[in-house]
Amino acid sequence: MTPNSTRAAALARLAQFLPAAGRRYAETRNADDGPASGGRSNVSELSPWLHAGVIGEPEVLEAVLGQHSPRAAEKFIAEVFWRIYFKGYLEQRPAIWDDYCTGRDGALAAMARNAGLQRAYAEATEGRTGIEAFDAWAQELAETGYLHNHARMWFASIWIFTLKLNWRLGADFFLRHLMDGDAASNTLSWRWVAGLHTKGKHYLARADNIARYTSGRPGGALRADGLAEDAEPLSEPQDYGRQKLDLPALVSAGDLAEPFALLLHDEAAHHAPLALPTAPAMVVAAARPTARSPGAVGAVASGFANGAVAGGMAEAATAFGCPATEWRAGESLAALLDETGVSRIAVPYLPTGWTRDALMSDIAPLAAQGRVVTILGNLDRATWPHAKAGFFGVAKAIDGVLAECGITGGA
Ligand SMILES: Cc1cc2nc3c(=O)[nH]c(=O)nc-3n(C[C@H](O)[C@H](O)[C@H](O)COP(=O)(O)OP(=O)(O)OC[C@H]3O[C@@H](n4cnc5c(N)ncnc54)[C@H](O)[C@@H]3O)c2cc1C
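Residues numbered from 1 in each chain as written. Predicted model: local features only at pLDDT ≥ 70, side-chain atom pairs only at ≥ 80, totals over all residues. Heavy atoms only, no water.

Chemist: Quick rundown of the overall build of the protein chain? Include the residues and the values.
Modeler: Looking only at helices and strands, the protein chain has 18 helices and five strands in total. Here the C-alpha radius of gyration of the protein chain, 21 Å, is about what a compact globule of 411 residues would show, namely 22 Å. Its C-alpha atoms put the protein chain at 65 × 55 × 40 Å along the principal axes. A buried classification covers 52% of the 411 residues belonging to the protein chain. A sequence separation of at least 24 residues applies to 75% of the contacts in the protein chain between residues at least 6 apart. Of the roughly 17200 Å² of accessible surface on the protein chain, 53% is carried by carbon and sulfur atoms. One finds the centroid of the 37 positive side-chain charges in the protein chain at a distance of 4 Å from the centroid of its 44 negative side-chain charges. (Helix = DSSP H or I, 4+ residues; strand = E, 2+ residues; numbered from the N terminus. Rg over C-alpha atoms; globule rule 2.2 N^0.38 Å. Buried < 20%, exposed > 50% of the residue type's maximum accessible area, 1.4 Å probe, protein only. Contact = heavy atoms within 4.5 Å. Areas by Shrake-Rupley, 256 points an atom, 1.4 Å probe, with all protein chains shown as cover. Lys, Arg positive; Asp, Glu negative; His and termini not counted. Charge placed at Lys NZ, Arg CZ, Asp CG, Glu CD.)

Chemist: Requested: an account of the UniProt feature "domain: Cryptochrome/DNA photolyase FAD-binding" (unreviewed entry) in the protein chain, with residues and values cited.
Modeler: According to UniProt, the feature "domain: Cryptochrome/DNA photolyase FAD-binding" (unreviewed entry) maps to residues 76–204 in the numbering used here. Within the segment residues 76–204, helix and strand shares are 74% and 0% respectively, and the terminal C-alpha atoms sit 24 Å apart. (UniProt positions renumbered as here; feature names shortened; annotations may be inferred.)

Chemist: How would you summarise the sheet that holds strand S3 (residues 324–326) if you had to cite specific residues and measurements?
Modeler: Overall, parallel pairing links the five strands, which are arranged S3-S2-S1-S4-S5 in an open sheet. Each end of this open sheet is capped by a strand with a single partner; those strands are S3 and strand S5 (372–375). Taken pair by pair, the neighbouring strands of this sheet meet at an average axis angle of 25 degrees, ignoring direction. As defined by bridge partners, strand S4 (residues 344–348) adjoins S5 across four bridges and the pair is classed as parallel. Its bridge partner lying in S5, Val 347 is registered against Thr 374. Sheet strands in contact with helix H14 (residues 333–340) are strand S1 (260–265), strand S2 (282–286), S3 and S4, and its direction is about 155 degrees off that of S2. (Pairing = 2+ DSSP bridges. Axes fitted to C-alpha atoms, helices over the stretch in contact; angles between N-to-C directions.)

Chemist: Any chance you could break down the site of the ligand for me, citing the residues and the numbers?
Modeler: Contacts to the ligand come from 28 residues, most closely from Tyr 25, Ser 44, Glu 45, Tyr 146 and Asn 149. Contacts to the ligand include Asp 180, whose backbone N or O atom sits 2.9 Å from a nitrogen atom. Assessed atom by atom at 2 Å from the grid points, the ligand resides in the largest pocket. Secondary-structure elements contributing two or more residues to the shell around the ligand are helix H3 (47–51), helix H5 (74–92), helix H9 (149–162) and helix H11 (183–194). Looking at the shell around the ligand, the element that brings in the most residues is H5, giving six residues. (Near = heavy atom within 4 Å. Polar contact = N/O pair within 3.5 Å; in protein donor to acceptor, adjacent residues only side chain to side chain. 1 Å grid on protein atoms, 1.4 Å probe; cavity = no way out; pocket = protein on both sides within 12 Å on 5 of 7 lines; lining within 4 Å. Sits in = over half its atoms within 2 Å of the grid points.)

Chemist: Residues and numbers for the domain arrangement of the protein chain, please.
Modeler: By a widely used convention, the size of an interface equals the accessible area lost when the partners come together. Each domain of the protein chain was delimited in the assignment, giving domain 1 (7–91 + 383–404), domain 2 (97–213) and domain 3 (253–376). Taking only C-alpha atoms, the centre of domain 1 and the centre of domain 2 are 23 Å apart. Contacts between the two partners involve 18 residues from domain 1 and, on the opposite side, 21 residues from domain 2. For the pair domain 1 and domain 2, the summed buried surface comes to about 1800 Å²; carbon and sulfur atoms form 59% of the total. Among the residues of domain 1 in contact with domain 2, Asp 32, Phe 86 and Leu 90 are the three that bury the most area, contributing 34% of the side total. Inspection of the domain 1/domain 2 interface yields three salt bridges. In this structure, the salt-bridge partner of Lys 87 is Asp 182, at a minimum N-O distance of 2.7 Å. Put simply, domain 1 and domain 2 have 12 residue pairs in polar contact (both at pLDDT 80 or more) between them. Mapped by element, the contributors of at least two residues to the side of domain 1 that touches domain 2 are H3 and H5. With six residues, the single largest contributor to the side of domain 1 that touches domain 2 is H5. A breakdown of the residues in the side of domain 1 that touches domain 2 according to their chemical character gives eight nonpolar, four polar and six charged. (Domains from an automatic or database assignment. Buried area = accessible area lost by both parts, 1.4 Å probe. Salt bridge = Lys/Arg side-chain N within 4 Å of Asp/Glu carboxyl O. Nonpolar A, V, L, I, M, F, W, Y, C, P; charged D, E, K, R; others polar.)

Chemist: Just give me the short version of the packing of helix H10 (residues 167–177) against H11, but keep the residues and values in it.
Modeler: Between H10 and H11, whose axes approach to 10 Å, the crossing angle comes to 145 degrees. In this structure, H10 meets H11 at a crossing whose hand is right-handed. In contact with Trp 167, Gly 170, Ala 171, Phe 174 and Leu 175 of H10, H11 contributes Asn 186, Thr 187, Trp 190 and Arg 191. (Left-handed = near helix turned anticlockwise from the far one by under 90°.)

Chemist: Describe the pairing of S1, with residues and values.
Modeler: For S1, a buried count of six out of six residues is recorded, marking the element as mostly surrounded by other parts of the structure. A two-sided burial pattern is seen for S1, the buried positions comprising Phe 260, Leu 262 and Leu 264 on one face and Ala 261, Leu 263 and His 265 on the other. Both S1 and S4 contribute to a ladder of three bridges, which runs parallel. Its bridge partner lying in S4, Leu 262 is registered against Ala 346. Both S1 and S2 contribute to a ladder of five bridges, which runs parallel. Note on S2: the bridge partner recorded for Leu 264 is Ala 285.

Quick look at the structure:
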């Protein structure tokens, strides 16, 4: 069953998790206790809604700071900023995404010519490697569309260093199945595990660590025999230079004075986090989960994305009392707008990744005609300039950014 992608479900989950977002999170977040029908108790599981823009980071941080001191919530706040950091980092090095796509396509083509690789890939993705922990996570991912952060690190490490499979194929497997599949967090986390993000510093999974942090699973601790324990980090010839951020201007009510359409997409599926200064004359909804990969996208991940965008479209139409229409893949956005008689369109910022790749060729000509108003949230705008290199640059800016954005928890 596809989990409920509505904003009401996101807000309910936030409310349920809030009491645990302080010291409890800091102390227990590393444990992978397995899926739980009422939700895990030590991590928020908010990532699918955050990725889809059904709920926004500012409101999550505001709610957490409303219940916990900045000190007690420090760990949780930092994790939310990791998401924003990765986005800002990729925005300044978009070639990493382009090279990932090219490398993934090359790896898929190489696999199509190699029966041994096909077998190894099938064993890994179907959970038949014989490494108990890895196999459990492969199946859990396909069934639930979610993995705990620690499980993602161990899984990626075993994929790269023990099974010696191409990291891009693993990143692609994640994107095809994670409800929260995100071009920035996923690509850069796989690169981090491989030793490519922080050059020369890789993450090696260890059986004792896995057993310790999976001991709370219903079936007991997971075994992971035969892991590569002294593999070298991966390396690559490229050195990705940083390009200047080119952020859109702040949007004022004047920019949206004329009738405009609001675009909702895979990474901004709900109008509420956008806090529009004026109401749109119509809503246009574009869900493109199949653009995540040339391969088949899992039913749970695509169901969540399609549900989030369709639900967001219906809720926006009701909230603004305006018509709504779907913009399907292959249709012309310009033609769709011409039919409705609305000339301008407000587009929530399309970060580097497949959503931008899938939609931008239609949006760019409209932008060149001055018909597009791009909306970028204040928190991203304030944080991204700090995402120049390592996370440290963002970590030390967190207090200032929160103050600048007025995120105080009501204090
Ligand atoms: C190999 C690998 C691939 C990953 N792929 C993705 C991905 O495609 N999409 C994605 O959203 N996250 C990804 N992550 C990061 C992280 O694992 C998930 O964000 C987190 O597990 C989501 O669960 P949660 O909502 O319960 O997190 P919580 O622990 O409750 O954290 C709250 C929020 O903070 C953010 N967050 C937490 N940890 C991280 C992190 N390490 N990096 C970035 N953001 C973080 C998420 O938005 C999360 O919802 C990946 C990590 C690894 C190691």
